[in-house]
Amino acid sequence: METPSREARPENGAGLVPADTAAPHKEDLSFKIKEQKIVVDELSNLKKHRKVYRQQQNSNIFFLADRTEMLSESKNILDELKKEYQEIENSEKNKTKT
């Protein structure tokens, strides 16, 4: 039996009644964690003289940013995502124990 892909789901979740609301959030977190790991790796492997640009939110405008600050921010974001993911896993484990 095939499992539905991410793209097959409606954006607003219409018609879907999830038994466990943490499952879709957990999938999204997993995707964001993978994405953030790539960002951290890319920033870590840049040569010192390379320029880094940050995109302004909800815009197509980019601003020059400090590479070390961006790397530090990216690592912090990754840590927060991992922490949130771990909390979801722990809450799922607690639900199955009771």
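Report on the accompanying structure. These numbers were taken from a predicted model, which means no experiment stands behind them.

1. As for the overall build of the protein
The secondary structure content of the protein amounts to two helices and two strands. Sequence-ordered secondary structure for the protein, helices as α and strands as β, is α-β-β-α. Of all 98 residues assigned to the protein, the portion counted as buried reaches 15%. Across the protein, contacts joining residues at least 24 apart in sequence account for 57% of those joining residues at least 6 apart. Carbon and sulfur atoms provide 51% of the accessible area of the protein, an area that totals close to 8,400 Å².

2. Some thoughts on the pairing of strand E1 (residues 52-55)
Pairing analysis gives four bridges linking E1 to strand E2 (residues 62-65), with the strands arranged antiparallel. Each residue of the ladder has a partner; that of Gln-55, found in E2, is Phe-62. Linking two consecutive strands that pair antiparallel, namely E1 and E2, is a turn of six residues; a positive phi of about 55° is found at Asn-58 within it.

3. Details of the side chain of Arg-67
Of note, Arg-67 is situated in helix H2 (residues 67-97). Salt bridges are absent for the buried Arg-67, whose nearest opposite-charge side chain, Asp-66, sits at 7.0 Å. Every residue in contact with Arg-67, bar those within four places of it in the chain, is listed here: Leu-43, Leu-46, Lys-47, Lys-48 and Val-52.

4. Side note on the pattern of salt bridges
As enumerated under the stated definition, the model contains three salt bridges in all. The partner of Glu-73 in a salt bridge is Arg-54, and the shortest N-O contact between them spans 2.3 Å. Here the residue Glu-73 occupies a position in helix H2, and Arg-54 occupies one in strand E1, the gap between them amounting to 19 residues. Take Glu-73: its relative accessible area is 34%, and that puts it in the partly exposed class. A single salt-bridge network, built from bridges that share partners, covers Lys-26, Glu-89 and Glu-92.

5. Some remarks on a nonpolar patch on the surface
A grouping of Tyr-53, Phe-62 and Leu-64 is seen on the molecular surface, where their side chains present a nonpolar patch of about 350 Å² in accessible area. The residue Tyr-53 is located in strand E1 in this model.

So, how was this worked out
- Residues numbered from 1 in each chain as written.
- Predicted model: local features only at pLDDT ≥ 70, side-chain atom pairs only at ≥ 80, totals over all residues.
- Heavy atoms only, no water.
- Helix = DSSP H or I, 4+ residues; strand = E, 2+ residues; numbered from the N terminus.
- Buried < 20%, exposed > 50% of the residue type's maximum accessible area, 1.4 Å probe, protein only.
- Contact = heavy atoms within 4.5 Å.
- Areas by Shrake-Rupley, 256 points an atom, 1.4 Å probe, with all protein chains shown as cover.
- Pairing = 2+ DSSP bridges.
- Lys, Arg positive; Asp, Glu negative; His and termini not counted.
- Salt bridge = Lys/Arg side-chain N within 4 Å of Asp/Glu carboxyl O.
- Patch = residues over 30% accessible without salt bridge, like charges linked within 9 Å, V, L, I, M, F, W, Y side chains within 5 Å.

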